[in-house]
Amino acid sequence: MTATTTTTGPAFRERRPSRRVPTARLVLYGALVLGLLATLAPFAWMFLGSVKPTGEIVAHPSTWLPRSPTFGNFEQLLSKQNFGLYFLNSTVVAVTCVLGNLLFCSMAGYAFAKIEFAGKRLLFGLVLTMLIIPGVTTFVPLFVLVSNMGLGNSYLGLILPFLVTPFGVFIMRQFIRDIPDALVEAARLDGAGESRIFLRVILPLTRPALATLAILTFLAQWNNFLWPLVIAQTEDHYTLPVALALFSTGANGTNYGLLLAGAVTVVTPIILLFLALQRHFIQGIANTGIK
Amino acid sequence: MTTATSLEPVRERSSAGRPTQRSRRGSGHLRRTVVAWAFCSPFVLLFATFGIWPVFSSLSMSVTDITSRDVQTPFSVNFVGLENYTALFGDPTFVRAAVNTLYFVAVGIPLTMVLSLAVAVALNSGIQRAKGLFRVAYFAPVVTSIVAVAVVWRYLYKPDGMINSVLSVVGISGPDWLNDPNWSMPALILMAVWRHFGIPMVIFLAGLQSIPPELHEAAVVDGASRWRAFRSVTLPLLRPTTLVVAILLSISYLQFFEEPFVMTSGGPLDSTTSISYYAYQQFGFGNYGLASAASYVLVTAIALLSLLQFRIFRARA
Amino acid sequence: MSTSHLSKALIGGLAATLVLAGCGRSGTQGSGGATGAPIGDSPAKGEINVWAMGTEGERLPELAARFRKANPDAKVKVTAIPWQDYAKKVETAIASQDTPDATLVGSADLTNFASTGGLEQVPAGLVDTSSFYRGAAQSTTYDGGTYGVPWYVDTRVLFYRKDLARAAGVSAPKTWKEYGPFLKALQKQGAKWGLALPTGVAASWQGVLPFMWQAGARLMNDNSTKFTFDTPQALEGLEFYQSFFTSKTSTRNGAVSLGEIEPQFVAGSTAALISGPWETALLKGAGGADFVKDKVGVATLPKGATSNASFIGGGHWTVFKKAKNRDGAWKFIRWLSEPDVQQDWHELSGDLPAVQAAWNEGKLRSDPTLAVFRSQLQTALPGPTVTTWKQISAVLDAEIEKVAKGVSSPKAALERIQAKASAIGTGRSR
């Protein structure tokens, strides 16, 4: 798989001007723009809907533009419900999981990539196996385990199962493996201990992989729904998606205005983060593919 | 475990690619082992508790008749061998769920791959202007929460919703997507493609950028059509990338759960019930044994499909 | 089947974790055991932790403040949690043995919680069972014990477009015979559909079992050991349900999510629906107060061969076995079922009192809409109280969907329901 990357050199980066005739390019642009509109339409509907009164959202036939725009849904959302707290919970959970994955997965990844040790094959085999185990398989045993540890309805219960992931170890190991052994060997000959090598040699060189892992972990945890739904019992531990799902639907009715305003609240921070870091996001995903 | 061997080639290749350290002395080996395990220890501790243990536990549940009522007295359950597995295949709902999952995978994966490759090629070769904008916009659905977008998609799919009003502009009278057993699955596939195709697109883009344009140009100069050049030069070079995309997609598409969970509850008439959704439902009913068995059918399917893809793409590469 | 050694070995690991986590496997399943010590008359003391859901959870603190006046040494702490998926939370609390003192539960879920062994039976003499609506009291029992105290009730009645009925010159139907023609008359006034019926979404059974009851069906035998879905009465009920679709009175594609019907009802494209006391507020939200006043009529369900039975729902109070303040919790619950407290609660929340005596004064006595509910409550019934009901009701929903969409005959559907329900069992034989 690494074969494709090795041919990439600065000499090949230059692009020749395309020789396509303008009409073909126009068609191409047209298709891309249509695809773009289709991709973004659901977002547009969500943002426009969030400033409509509920009656207008459910009206038949529905319209794109709000007839009487209002921020009432957001006011209700912020006043009635503790969205600041849910926001904080989501952030705490996601950030802690990011830090845990960065530290622990890169440590394990280093051992897997650069140290020969007894039990390595077995352990790495287990990591690879776990990559393909679907979440639904471990859901209930995990739930029973966490409840019995007395961690139901706690931050620890929300965080611990995701503090390390086999995926994290896998991509860190793949990346660290590509760092030349000579660097590590040289440091060893200089008498540096493994932890010093890890901190001084490996970590600075793995920044792109760390960025990838950080972004993917944050994304997964920010949007994680099923686990927090069953673990967080009371309001003070809800994350944003849980609060969104639970509060918008009452016993007998759905408040669509509140639901859309909530959806905007959940999606906006991650979209902004994505826009700010889009280069890293996309490079990160691309990294997972090539390694 | 068969599941481990399916990914074996990666490991073999990786360790063969660099000098081994076997020449080192035995005492150094012991020291290294201690150091390595120390490095792995936080990971191993958490991984064993929250990863390996639940897997072991659900595997043993799948051969017993354990229900939610037995959680406090797990000794009182009966060993039933493969009875849960035979029960599964005797349940028409499960068979339907398995067929649906295959439908979703068989249509969804090729569709996602073709679409994402097409967009990647278009972005890579055809255009200079607004490339970044397109890339960002096409990727945006990947980062959004399904809970948040589900409500929007339910509206888009209404009989008089946005999708049908667009269709009516070109003279097609659209179906009642989510209420029609024939159209509910296509509706969910479309939504899944929307949500997922950004990831393979970006991976393909990276793969394409690593192919020197000269190769492609040379083929064109030699008289091959653009399409032929793409087929005989670009596609073969993209094979490793395609393998990665195919495996990532099959792992996530075989777990098909979120779309039916938020959109259709598996209906209408079980037309969107998947294996994951079936397992989740059985957990809800408290039938832990049956649910675990269903999820292991899924594990087997994922392992087999990954293995198959390795065979196909490796053999030709 | 006997417990084998192998299963012990396999499950041993699971047990070990439970033990390591400090949890004994002492759970006494099922019941039939004795009730706890009776509750005295002295004022309640200490902190009483309770869970309440949705609107109930939001409004309860106000009512609880009044409890404090009579019980100065007690403090009720209310934790509000949403209705959606609350059952998982209660189950989690019981499984992890980390529970509040008492919780509100939906009447249909009580059996399930009771079967986990995590609830205490209602102490003898705490309340007079006959003071509640019969259907409500019925749904507090499980396996010979009583595990909950009814707090409020709800039942479903017929909401119809009064203006369309007036224009058509018809009045609300009293019997099955008048049902179809009435709805057809409303359709002639421009409504696309006469009646909104559930067509297979979760809990469709709550809207369809009443047709069977109305035809005289009883879905279990006398001692609740066997299901009896395969009776002529049940068939008559299900065929009547089917007739709404074949006559194009109801759409085969009923609402999928909550809140879908109200706009259609307001727009006049659906002329009638069957819903509970909460519906008035939803219709006000969708169409305004004037719409409800001028255009919405409310009537009891039309009578079939035997009765006009509807489905009874509502909320019960239960106390956990692991409660820290058991006495206080039961005293609070006893206070909540006093008729004048029930009236206060109706004022605060709009919930209908479960205690019949509470209906004898004020608005509860005089309001014409409430009178319709009051009359409907007399005959309303709960679903069967067996622990496997959640699974069986899912079978019902799936088969109901087949009948509604026209892919199965009512007879074949009932045969499958009977076979599957019997195979699933009542959860008691194990």
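### Digging into the overall build of chain A
Link 1 in the chain: Across its full length, chain A carries 17 helices and zero strands.
Link 2 in the chain: Relative to its full complement of 291 residues, chain A shows a buried share of 49%.
Link 3 in the chain: Of the contacts formed within chain A by residues at least 6 apart in sequence, a portion of 75% connects residues at least 24 apart.

### What about the pairing of strand 7 (residues 157-161) of chain C?
All names here are of chain C.
Link 1 in the chain: The buried fraction of strand 7 is high, at five of five residues.
Link 2 in the chain: Relative to strand 9 (residues 270-275), strand 7 runs antiparallel, the two being bridged by four bridges. Bridge pairing links Phe159 to Leu273 in strand 9.

### What to know about the interface of chain A and chain B
Put simply, an interface is often sized by how much accessible area is lost when its parts join up.
Link 1 in the chain: Counting residues at the interface gives 85 residues for chain A and 89 residues for chain B.
Link 2 in the chain: If you tally residues by element for the side of chain A that touches chain B, the top one is helix 3 (residues 22-50) of chain A, at 13 residues.
Link 3 in the chain: Counted by class, the side of chain A that touches chain B contains 61 nonpolar, 16 polar and eight charged residues.

### Here we look at the confidence of the model for chain A
Link 1 in the chain: The share of residues in chain A with pLDDT of 70 or more is 86%, and the mean pLDDT across the chain is 81.
Link 2 in the chain: Within the model, pLDDT remains below 50 along residues 1-18 of chain A, and this stretch shows 20 contacts once partners closer than five positions in the same chain are excluded.

### A word on the pairing of strand 9 of chain C
All names here are of chain C.
Link 1 in the chain: Burial within strand 9 is extensive, with six of its six residues counted as buried.
Link 2 in the chain: Pairing geometry for strand 8 (residues 193-196) and strand 9, over three bridges, is parallel. Residue pairing for strand 9: Ala196 is matched across the bridge by Leu273.

### Focus: the packing of helix 3 of chain A against helix 16 (residues 256-276) of chain A
Helix-helix packing: each pair is described by the crossing angle between the helix axes and the interaxial distance.
Residues and elements named next belong to chain A.
Link 1 in the chain: In contact at an axis separation of 8 Å, helix 3 and helix 16 are set at 120° when each is read in the N-to-C sense. By the angle between their axes, helix 3 is oblique relative to helix 16. Crossing of helix 3 over helix 16 shows left-handed handedness. Here Met46, Phe47, Gly49 and Ser50 of helix 3 come into contact with helix 16, specifically with Leu260, Ala261, Ala263 and Val264.
Link 2 in the chain: Residues belonging to the contact of helix 3 with helix 16 are distributed by class as follows: six nonpolar, two polar and no charged.

How each quantity is defined
- Within every chain, residues take consecutive numbers counted from 1 along the sequence as written.
- Following the order in which they are written, the chains are lettered starting with A and the ligands numbered starting with 1.
- Whole-chain, interface and lining totals are the exception, using all residues; otherwise, since this is a predicted model, local features are given only for residues with pLDDT of at least 70 and side-chain atom pairs are given and counted only at 80 or more.
- In this text, helices come from DSSP runs of H or I with a minimum length of four residues, and strands from runs of E with a minimum of two, each type numbered from the N-terminal end.
- To assign burial, the other C-beta atoms lying within 10 Å of each residue's own C-beta are counted, with C-beta atoms placed from the backbone; 20 or more indicates buried, 12 or fewer indicates exposed, and intermediate counts indicate partly exposed.
- In this description, a residue-residue contact is defined by the distance between C-beta atoms placed from the backbone, which must lie within 7 Å.
- At least two DSSP bridges between two strands are required for those strands to pair.
- Gly falls in the polar group here, along with every residue not listed as nonpolar (Ala, Val, Leu, Ile, Met, Phe, Trp, Tyr, Cys, Pro) or charged (Asp, Glu, Lys, Arg).
- Think of pLDDT as the predictor's per-residue confidence, scored from 0 to 100.
- Fitted lines through C-alpha atoms serve as axes, helices being fitted only where they are in contact, and the angles separating the N-to-C directions of these axes extend from 0 to 180 degrees.
- Each angle receives one of four descriptions, namely roughly parallel if under 35 degrees, roughly antiparallel if over 145, roughly perpendicular if within 65 to 115, and oblique otherwise.
- When the near helix sits turned anticlockwise from the far one by under a right angle, the crossing is termed left-handed; a clockwise turn instead gives a right-handed crossing.

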